[in-house]
Number of protein chains: 2
Amino acid sequence: MADVARLAGVSSQTVSRVANGQSGVVESTREQVLAAMRELGYRPNSAARSLRYGRFNTIGVILFGLASTGNSRTVEAIATHAAAEGYAITLIPVGMPTQDNVLGAFTRMGELAVDGVILIIEVHLLDSTAVFLPPGVHVVVVDSDAGDRYPVVDTDQADGARQAVRHLLGLGHRTVHHLAGPAESFAAERRAGAWRSALEEAGRVVPAVERGDWSADSGYRAGLRLAADPACTAIFTANDQMALGVLRALHESGRAVPADVSVVGFDDIADASAYLPPLTTVHQDFAEVGRRCVRLLLDQIHDEPSTPGTDLVPTRLILRSSTAPPPAVLPPPAV
Amino acid sequence: MADVARLAGVSSQTVSRVANGQSGVVESTREQVLAAMRELGYRPNSAARSLRYGRFNTIGVILFGLASTGNSRTVEAIATHAAAEGYAITLIPVGMPTQDNVLGAFTRMGELAVDGVILIIEVHLLDSTAVFLPPGVHVVVVDSDAGDRYPVVDTDQADGARQAVRHLLGLGHRTVHHLAGPAESFAAERRAGAWRSALEEAGRVVPAVERGDWSADSGYRAGLRLAADPACTAIFTANDQMALGVLRALHESGRAVPADVSVVGFDDIADASAYLPPLTTVHQDFAEVGRRCVRLLLDQIHDEPSTPGTDLVPTRLILRSSTAPPPAVLPPPAV
DNA sequence: CGCGAAATTGTTAACGTAAACATCGGTAGA
DNA sequence: TCTACCGATGTTTACGTTAACAATTTCGCG
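Asks: Any chance you could explain the nonpolar core here in plain terms?
Replies: One recurring pattern in soluble globular proteins is that nonpolar side chains are buried together. Among the nonpolar cores identified, the biggest contains 46 residues, and Val75, Ile89 and Leu91 of chain A together with Val75, Ile89 and Leu91 of chain B are the most heavily contacted of them. Core analysis: the next-biggest nonpolar cluster, separate from the first, contains 44 residues, Ala222 and Ile269 of chain A together with Leu226 and Cys232 of chain B among them.

Encoded structure:
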């Protein structure tokens, strides 16, 4: 900057004014400065800027992985909306969701050039006692039940699961089986809980829960077990990928979808419409989740009061071709 | 920091030494300082650090979206390996891959707190004249043909496509149809080019190329067209998601996979093993791509000479159940 | 017990930027 | 013609940190 000032024959303050587009610089001077900037390839040093302003214009995102569709789409939305507000995104990946790692991430984050943090945490860790966030760090949490302590943005998991169950019961199914996600997952627990209560409200039998790990392969294995049960005519899976595995298992077991068994997924990933058959599923609006995260966090950073509480993004059921009324003649129950 | 120094009764320099774990601080002093840090909730200001050191310990990643499996997995690997080296990742999303946007990203990047940049660009933009990177910025490019000007890391697209074609020809298919990705995509072009030359080398007819946009739905539409051609017994799709759509189209058209038609995908995404049937596909090692990107970039940052050239990550064909010899009796060729 | 070397701690300055204030020149109005 | 004011530009300072050097203390050894 000093070099630019020297070359342009002005003071560094004037260069600063030009760089920030402030008024009060006469046109001829401005152009001299701009020319000098170009000639020297001047680019402002953002570390110095951050130091001066006390802000980084950066949001940190702590997460366990981008592998899941939901995470990567949420992060993308966060990045897009943050960019629109002039904020960059710093990714802070945490290997395993152990407490140590999360704490380590928080510690590192303290040293990081970040004005606030969005926590995409997925598992029951914030519940535990020892996890504390450095005071003075602005935080928004995605997909957790820490709503009593932090602002939380979440998909309305429960309502989505309820819609799925009611749809299947409305088609005439006696009950609905559930293939849940891992027990540590908060989202999985919410979906399973809502499935259970929806069945109970309707006075139906609640079958034993199957569990997978979100992967299509785990869905396949669970699907083979479910397919072996002739009374199983409707399956609600906790995500679309497991539904894909279930579809394969049912197909290989000779049970037609939707004629013999109906399947409903969760997420509405892009591929779901190309499954065999195209999957009826609960649509999650990841982009909206990301949008709200950014807004909530920026509100905090801009000194709005931080309001703990959960901001629920609605879900909706997308009807495709994987559900139908149960077979008119049920297979004879095992004696 | 000054407050900490005052409370601990030492100079700020000693606080700095403790904060950085330098030797030459007597144990009792160190503990006093640490206690003061805790009491005041001191966290070092990384902007000041960056300013002092002239480094940010941050890598920028410019990309067009995390939607594609490949991108998000590459980014995840980049983030993980960068973290292991003490670097954070800043995401710089670019809305549309227009030249203006890319230039804008570069400009913003100049102002960004970043020591180097990994460019995941996907389309033929670096070829064009006007795109220039700010001098002095370290760059590694993924998935491009700018190997003459920048260090490039790429999957060995060509070899993967060759493996797919040879596998199908080896099964006895007369030729192989190809469902390509969008023409703007560099990866799509490389795969299509290798498919074509592999067929030519074998002296086979090169059918007209179908094109999709990577999505399963576009694969479905192209699949319907291919299914209508009775001479089509083998299809190589440029990614797995389009293969999913093709599988659905073939199924709906009454053509069995692999009995009537063989299908090979590209990517080996997690779901591919749960398709109907499980998909034979070319495995891409995204994690390795990310790893090499980070290493190449850090080498540059640490003053190793920057070597333009392309670093190819090998691919391998994963055999599953979607390929088989062509039907013994071919349908009569159209006269 | 005294001297020099080594260990520990303190002081100064600089990284690049921008806010706050100071200065300079010109212009309008009396 | 002089004064007051305004707009353009320059000067000073501070942001929080750490390298380099300076000062002080401690310790070993003759």
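Asks: I would appreciate a short explanation of the sheet that holds strand 1 (residues 58-63) of chain B in the present structure.
Replies: Backbone hydrogen bonds are what pair the strands of a sheet, in a parallel or an antiparallel way. Pairing is mixed in the open sheet, where twelve strands are placed in the order 11(A)-5(A)-4(A)-3(A)-1(A)-2(A)-2(B)-1(B)-3(B)-4(B)-5(B)-11(B). The sheet is open, and its two edges are formed by strand 11 (309-313) of chain A together with strand 11 (309-313) of chain B, each paired on a single side. The sheet shows a mean angle of 25 degrees between the axes of neighbouring strands, direction not considered. Alignment of strand 5 (residues 151-155) of chain B against strand 11 of chain B, held across five bridges, turns out to be parallel. Following the sheet pairing, Val152 of chain B is matched in strand 11 of chain B by Thr310 of chain B. Of the strands in this sheet, strand 2 (88-93) of chain A together with strand 1, strand 2 (88-93) and strand 3 (116-120) of chain B are in contact with helix 5 (residues 69-84) of chain B, which crosses strand 3 of chain B at around 160 degrees.

Asks: Just to check I follow, could you spell out the protein's contact with DNA strand D for this structure?
Replies: Taken together, 24 residues lie around DNA strand D, and Ser11 and Thr29 of chain A together with Met1, Gln13 and Ser16 of chain B are the ones closest in. Here a phosphate oxygen of DNA strand D sits 2.9 Å away from a polar atom, N or O, in the main chain of Val26 of chain A. A distance of 2.5 Å is found between a phosphate oxygen of DNA strand D and a side-chain nitrogen or oxygen belonging to Thr29 of chain A. Taken together, the elements giving at least two residues each to the surface near DNA strand D come down to helix 2 (12-19) and helix 4 (46-53) of chain A together with helix 2 (12-19) and helix 4 (46-53) of chain B. With four residues, helix 4 of chain B is the largest single contributor of residues to the surface near DNA strand D. Considering only residue class, the surface near DNA strand D consists of nine nonpolar, eleven polar and four charged.

Asks: Just checking my understanding: could you explain the protein's contact with DNA strand C for this structure?
Replies: Taken together, the neighbourhood of DNA strand C is formed by 24 residues, with Met1, Gln13, Ser16 and Tyr42 of chain A together with Thr29 of chain B sitting nearest. Among the atoms of DNA strand C lying within 4 Å of the protein, the sugar-phosphate backbone contributes 59%. For DNA strand C, a phosphate oxygen lies 2.8 Å from a polar atom in the side chain of Tyr42 of chain A. Asn45 of chain A places a main-chain nitrogen or oxygen 3.0 Å from a phosphate oxygen of DNA strand C. Listed by contribution, the elements that provide at least two residues to the surface near DNA strand C are helix 2 and helix 4 of chain A together with helix 2 and helix 4 of chain B. Ranked by residues supplied to the surface near DNA strand C, first place goes to helix 4 of chain A with four residues. The residue makeup of the surface near DNA strand C, split by class, is nine nonpolar, eleven polar and four charged.

Asks: Hey, could you run me through the interface of chain A and chain B in this one?
Replies: Interface size is often expressed as the accessible area that is lost when the parts come together. Each side of the interface is counted separately: chain A has 46 residues, and chain B has 46 residues. Each partner contributes to the roughly 3,800 Å² buried at the junction of chain A and chain B, and carbon and sulfur atoms together form 63% of this total. Taken together, chain A and chain B are joined by zero salt bridges. Summed over the shared surface of chain A and chain B, the number is 13 residue pairs in polar contact (both at pLDDT 80 or more). Mapped onto the side of chain A that touches chain B, the elements with two or more residues apiece are helix 4, helix 5 (69-84), strand 2, helix 6 (99-111), helix 9 (216-227) and helix 10 (240-252) of chain A.

Asks: Help me out: how do you make sense of the packing of helix 7 (residues 157-170) of chain B against helix 8 (residues 186-201) of chain B in this one?
Replies: Two numbers describe a pair of packed helices, the interaxial angle and the distance between the axes. All names here are of chain B. Where helix 7 contacts helix 8, the axes come no closer than 8 Å and their chain directions differ by 40 degrees. Viewed along their axes, helix 7 and helix 8 adopt a mutual orientation that is oblique. As for how helix 7 packs across helix 8, the hand of that crossing is right-handed. Note on element contacts: helix 8 touches helix 7 through Ala187, Arg190, Arg191, Ala194, Trp195, Ala198, Leu199 and Glu201, opposite Gln157, Ala158, Ala161, Arg162, Val165, Arg166 and Leu169. Looking at the contact of helix 7 with helix 8, its residues break down into nine nonpolar, one polar and five charged.

Asks: Help me out: how do you make sense of the side chain of Thr14 of chain B in this one?
Replies: Residue and element names in this part refer to chain B. Position of Thr14 among the secondary structure elements: in helix 2. Of the residues examined, Thr14 reaches a relative accessible area of 15% and is grouped as buried. Apart from the residues within four sequence positions on either side, Thr14 is in contact with Val25, Thr29 and Val33.

About the criteria used
Every chain's residues receive numbers from 1 upward, in the order its sequence appears when written. Lettering of chains starts at A and numbering of ligands starts at 1, both following the order in which they are written. The model is predicted, so local features are restricted to residues of pLDDT at least 70 and side-chain atom pairs to those at 80 or more, both for listing and for counting; the totals for chains, interfaces and linings are taken over all residues. The side-chain numbers reported here are obtained from all heavy atoms of the structure, hydrogens and water having been left aside. As used in this record, nonpolar core signifies buried Ala, Val, Leu, Ile, Met, Phe, Trp, Tyr and Cys residues forming a set joined through side-chain atoms within 4.5 Å. Residue exposure (1.4 Å probe, protein chains only): buried if accessible area is under 20% of the type maximum, exposed if over 50%, otherwise partly exposed. Note on pairing: DSSP must find at least two bridges between two strands before they are called paired. For helices the rule is a DSSP run of H or I covering at least 4 residues; for strands it is a run of E covering at least 2, with both sets numbered from the N terminus onward. Angles run from 0 to 180 degrees between N-to-C directions of axes, and those axes are lines fitted to C-alpha atoms, restricted for helices to the stretch in contact. When checking whether two residues touch, look at their non-hydrogen atoms; a contact exists if any pair is within 4.5 Å. Residues are counted as near a molecule or strand when any one of their heavy atoms sits within 4 Å of it. For the purposes of these results, a polar contact is taken to be a pair of N or O atoms within 3.5 Å, where, inside protein, one atom must be able to donate a hydrogen and its partner to accept one; residues adjacent in sequence count only when each atom of the pair is a side-chain atom. Under this grouping Gly is polar, as are all residues other than the nonpolar Ala, Val, Leu, Ile, Met, Phe, Trp, Tyr, Cys and Pro and the charged Asp, Glu, Lys and Arg. As a working definition, buried area equals the accessible area (1.4 Å probe) given up by two parts on being put together, with both sides summed. Salt bridges, as used here, are contacts in which a Lys or Arg side-chain nitrogen is within 4 Å of a carboxyl oxygen on Asp or Glu. Note on angle classes: values under 35 degrees are labelled roughly parallel, values over 145 roughly antiparallel, values of 65 to 115 roughly perpendicular, and the remainder oblique. Two helices cross in a left-handed way if the nearer one is turned anticlockwise from the farther one by less than a right angle. They cross in a right-handed way if the turn is clockwise.

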